[in-house]
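A closer look at the structure
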Amino acid sequence: LRRLPSASRETGGTQGTAKYLIMKDLELFATRVKELRKQKRLSQTELGEVLGLTHKSISPIESGVRGTTIEKLILLAKFFNVSTDYLLGLKDEP
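Residues numbered from 1 in each chain as written. Predicted model: local features only at pLDDT ≥ 70, side-chain atom pairs only at ≥ 80, totals over all residues. Heavy atoms only, no water.

A short note on the overall build of the protein
For the protein, the count of helices and strands is 5 helices and 0 strands. Listing each helix as α and each strand as β along the protein from the N terminus yields α-α-α-α-α. The buried share among the 94 residues of the protein stands at 28%. Sequence-distant contacts in the protein: of pairs separated by 6 or more residues, those separated by 24 or more amount to 47%. Carbon together with sulfur atoms contributes 54% to the accessible area of the protein, which is approximately 6,700 Å² in total. (Helix = DSSP H or I, 4+ residues; strand = E, 2+ residues; numbered from the N terminus. Buried < 20%, exposed > 50% of the residue type's maximum accessible area, 1.4 Å probe, protein only. Contact = heavy atoms within 4.5 Å. Areas by Shrake-Rupley, 256 points an atom, 1.4 Å probe, with all protein chains shown as cover.)

Below, the structure is given as structure tokens:
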């Protein structure tokens, strides 16, 4: 398990640290989804069809504005043939 950094005044205490870590993980998730989609030469609309979402729902995921459900995470991992740990940034190898 990865150890969370201790709370500090610069990050707003424990809640600020947790929020920072979540945002960094969300950014990595967004980057990986976008890169994998582009590797398959898919549009956001095409990826949305695979997940049962519209392209308007894919854009915020790829921008790091929002995450996704566990069900969609599993669909993404199966579709791209990578682990959920890779998508979530827990591992660097797909």
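A short note on the packing of helix α2 (residues 44–51) against helix α3 (residues 55–63)
Where α2 contacts α3, the axes come no closer than 8 Å and their chain directions differ by 100°. Judged by the inter-axis angle, α2 sits roughly perpendicular to α3. Of the residues in α3, those touching α2 at Gln44, Thr45, Leu47, Gly48 and Leu51 are His55, Ile58, Ser59 and Glu62. By residue class, the composition of the contact of α2 with α3 is 3 nonpolar, 5 polar and 1 charged. (Axes fitted to C-alpha atoms, helices over the stretch in contact; angles between N-to-C directions. Parallel < 35°, antiparallel > 145°, perpendicular 65-115°, else oblique. Nonpolar A, V, L, I, M, F, W, Y, C, P; charged D, E, K, R; others polar.)

Some thoughts on the nonpolar core
Of all hydrophobic cores here, the largest spans 15 residues; its most connected members are Phe29, Leu47, Leu76 and Leu87. Within the residue set of this core, elements represented by two or more residues are α1 (13–39), α2, α3, α4 (70–80) and α5 (84–88). (Core = buried A, V, L, I, M, F, W, Y, C linked by side-chain atoms within 4.5 Å.)

Considering α4
Given 3.6 residues per turn, any residue in an α-helix points the same way as the ones three and four places further on. Listed as buried for α4 are Leu73, Leu76, Ala77 and Phe80. End-on, the buried residues of α4 take up no more than an arc of 95°, which puts them together on one face. The exposed set on the far side of α4, more than 90 degrees from its buried face, consists of Glu71 and Lys78. One or two steps after α4, the chain reaches asparagine 81, where phi turns positive at roughly 60°. (Arc of directions from axis to C-beta.)

Quick word on the environment of glutamate 71
Within the secondary structure, glutamate 71 sits in helix α4. Classification of glutamate 71 as exposed rests on a relative accessible area of 55%.

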